[in-house]
Amino acid sequence: MRPTRKTQVFSISSILVGLLVIPLVVLLVIFLVQPTAFSSSSSFSSSSWETTWNPVASNDTSNSRSNYSVPSSTEEIWQPQPSQAPVSTFANYQRGAQAPAPQIFGVDDEVQETITQQVEGPNKTLFISSSSHLEKLEASLGRARSSIREAAKVRNKTSTHQDPDYVPRGPIYRNPNAFHRSYLEMEKLFKIYVYEEGQVPIFHDGPCFHMYLTEGRFIHEMENGKLYRTTDPNQALVYFLPFSVVRMVQFLYLPDTYDRNGLKLAVIDYINLIAHKHPFWNRSLGADHFMLSCHDWGPFTTAFVPHLFHKSIRVLCNANTSEGFNPSKDASLPEIKLLTPEIPRLGGQPPSKRSTLAFFAGGLHGHIRYLLLNEWKGKDQDVLVYEKVPHGVSYEEMMKSSKFCLCPSGYEVASPRVVEAIYAECVPVLISDGYIPPFSDVLDWKSFSVQVPVKNISDMKNILMSISNRQYLRMQRRLKQVQRHFLMNGPPKRYDVFHMIVHSIWLRRLNIRIQDLLST
């Protein structure tokens, strides 16, 4: 019997259905037997996590860092390996939901306004974001760069701009015009977003007195002040990670145990949380983010997150190049010690009444001070070096009556004596190796301070005696001019230490082009 037309159509349809269904069934069977065959190509690599690194003992800046693997390409987003994921430390002090499990972080649709392309490859994921906000911000930065370059070409000692508060001029500046134009552009354009995640006291808080006050006061100003902060992250040029290393040490470290695991987990968890909830860390791998710390362990703490160490802007008192401090992206933070909210009394004896050539008093902390005290303690009436000032003698008055104040590094490179000497108009003598003084992009420290290499400690007196009286008077006058940049005002005033810290961050943001990072 010949098949009817209806039977022919049914047979053809059955064949077509079979051709579609059979492959799907085969794929389903394969998936059930071996699900990893369909796992994302962006899964994290299974490289070893056991490599250890001590940032204090190494100058190496290669991609072999801490207990957490470092991506071999900028296209890889850093994260803890899932099998070694740290336990969340936010149970008691997180503001918001608990930190999610480590993962390759996606971009939150609610905060990503425009097109997002996900480029995948073996063990890597790169999010390339095209944003009208970002394009406008980068265009404004490009205009600022051009403006600053034009101002830098004017080599006279007076600024080309009118300013009601202050016109930078004189040899204390590397280029007064470039600094002034940069400062004005910063005031016009710079916006900082402060992440709200985290809870006090570890986050959004810090010490406001004594040794580490620059850390705490900056955090408090960013939290409570109105300068530079924006509540719209899409309008921000940089993003502040508001954790306090001082508070971490206070609350997460048990003294004398040498167990810093609590600090490690806190930093890792926090970056994990930020990268999960917001698109900005992944967009730049942290290059437009900054942290700030005056604690000696600031650099060490950042080493727990490789991109935080290598890419982010780290504002540190412990600005030691031998410990990984990179002046092209990191900024030196002045260490200031104040016991009261009041600005200390500035100045001291006039130059003609400063009877002591050089003065130092301080504990035996570190090998540099050991060399200094061993060489000069009690051996010269012109170079007065003490572990403790004699009974009845005022430390402050000794600084105010000395021509030069010795500022040797202790266990770490920074010393509050540098700013104390500036306040006392006692020419600071920096004795250190690898130390980058604060605001060195703007200030020419050689014009108002003396820098003595550690190897020349024994020749200290000859070095200072070789400075003519005329040269000394010039340096001392310049100290009066530079004081304004180291004053801790409340509230901040233009050109003071708060604004100078922000300006240091601004300069490093000018060196970054986010779109270049996205295209790599």
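Higher on the page you've got the structure.
Cut-offs and rules
Residues numbered from 1 in each chain as written. Predicted model: local features only at pLDDT ≥ 70, side-chain atom pairs only at ≥ 80, totals over all residues. Heavy atoms only, no water. Helix = DSSP H or I, 4+ residues; strand = E, 2+ residues; numbered from the N terminus. Buried < 20%, exposed > 50% of the residue type's maximum accessible area, 1.4 Å probe, protein only. Contact = heavy atoms within 4.5 Å. Areas by Shrake-Rupley, 256 points an atom, 1.4 Å probe, with all protein chains shown as cover. 1 Å grid on protein atoms, 1.4 Å probe; cavity = no way out; pocket = protein on both sides within 12 Å on 5 of 7 lines; lining within 4 Å. Points joined across faces, edges and corners; volume = space filled by probe spheres on them. Nonpolar A, V, L, I, M, F, W, Y, C, P; charged D, E, K, R; others polar. Disulfide = S-S within 2.5 Å. Pairing = 2+ DSSP bridges. Axes fitted to C-alpha atoms, helices over the stretch in contact; angles between N-to-C directions. Expected span 1.5 Å × (residues − 1). Polar contact = N/O pair within 3.5 Å; in protein donor to acceptor, adjacent residues only side chain to side chain. Core = buried A, V, L, I, M, F, W, Y, C linked by side-chain atoms within 4.5 Å.

> Got a minute to help me understand the overall build of the protein in this structure?
When helices and strands are tallied, the protein shows 16 helices and 12 strands. A burial count over the protein gives 53% of its 520 residues as buried. Within the protein, contacts between residues separated by at least 24 positions form 70% of all contacts whose residues are at least 6 apart in sequence. Carbon and sulfur atoms make up 54% of the accessible area of the protein, which amounts to about 24200 Å² in all.

> Teacher, can you tell me more about the environment of V245 here?
The residue V245 is located in helix α5 (residues 245-252) in this model. When the C-alpha positions of V245 and D296 are compared, they lie 9.0 Å apart, and in sequence the two are 51 residues distant. With near-sequence residues (within four places) excluded, V245 lies in contact with E215, M291, S293, H295, W297, G298 and T301.

> I tried to follow the layout of surface pockets on my own but got confused; where do I start?
Empty space among the atoms can be located by rolling a probe the size of a water molecule over them. Of the volumes computed, that of the largest pocket is approximately 930 Å³. Lining the largest pocket we find 34 residues, and of these M211, K337, P416, R417 and E420 sit closest to its centre. Within the residue set of the lining of the largest pocket, elements represented by two or more residues are α11 (395-400) and α12 (417-424). The element best represented in the lining of the largest pocket is α12, accounting for 5 residues. Classifying every residue of the lining of the largest pocket by side-chain character gives 16 nonpolar, 6 polar and 12 charged.

> When you look at unusual backbone geometry in this model, what are you seeing that I'm missing?
A cis geometry characterises the amide bond from V200 onward to P201, with omega recorded as 5 degrees. Relative to the helices and strands, P201 is located in the loop between β3 (192-194) and α4 (213-224). Omega for the bond connecting G490 with P491 falls within 30 degrees of zero, at -5 degrees, which places this linkage in the cis form. With respect to the helices, strands and loops of the structure, P491 is situated in the loop between α14 (469-482) and α15 (497-510). Positive phi outside glycine occurs at Y258, with the angle close to 60 degrees. Tracing the sequence through the fold places Y258 in the loop between α5 and α6 (261-277).

> It is not clear to me how the state of the cysteines should be interpreted in this structure. Could you clarify?
A covalent bond between the sulfur atoms of two cysteines is referred to as a disulfide. Tallied over the full model, the rule gives 2 disulfides. Across the disulfide from C294 sits C317; the S-S distance is 2.0 Å. Judged by the sign of its S-S torsion, about -85 degrees, the bond between C294 and C317 is left-handed. With C294 in the loop between β5 (289-293) and α8 (298-302) and C317 in the loop between β6 (313-316) and β7 (331-332), the pair connects residues that are 23 residues apart, well separated along the chain. Covalently, C405 is tied to C426 through a disulfide, its sulfur atoms 2.1 Å apart. As the torsion about the S-S bond is roughly 110 degrees, the C405-C426 disulfide counts as right-handed. Here the residue C405 occupies a position in strand β10 (residues 402-408), and C426 occupies one in the loop between α12 and β11 (427-431), the gap between them amounting to 21 residues. Take C426: its relative accessible area is 0%, and that puts it in the buried class.

> Can you help me understand the sheet that holds strand β4 (residues 238-240) in this one?
Strand order in the open sheet formed by 5 strands is β3-β4-β5-β6-β7, with parallel pairing between adjacent strands. Looking at which strands have only one partner, the edges of the open sheet turn out to be β3 and β7. Here β4 runs beside β5; their pairing, made up of 2 bridges, is parallel. Among the inter-strand pairings, Y239 is bridged to a residue of β5, identified as H289. Each of β3, β4 and β5 touches α4; the most contacted strand, β5, lies at about 135 degrees to it. Its contacts with the sheet put α15 on β3, β4, β5, β6 and β7, and the angle it makes with β6 is roughly 155 degrees.

> So what exactly am I meant to see when it comes to α15 here?
Three- or four-residue spacings in an α-helix give side chains the same orientation, since the helix completes a turn every 3.6 residues. For α15, which comprises 14 residues, the first-to-last C-alpha distance of 20 Å matches the rise-based estimate of 20 Å (1.5 Å per residue) to within 8%. By the N-cap criterion, in which a side-chain oxygen at the helix start approaches the backbone nitrogen of a residue two or three places on, α15 is capped by D496, the distance to F498 being 3.2 Å.

> Sorry, what's going on with the nonpolar core here?
Among soluble globular proteins, nonpolar side chains are generally buried collectively. Counting 120 residues, the largest nonpolar core has F190, F218, F404 and L406 as the members making the most contacts within it. Broken down by element, this core gets its largest block of residues, 9 residues, from α15. Not counting chain neighbours up to four residues away, the residues in contact with F404 comprise L357, A358, F359, C426, V427, V429, V450, L464, I467 and Y472. L384, M399, A421 and C426 belong to the second-largest nonpolar core, a separate cluster that totals 9 residues.

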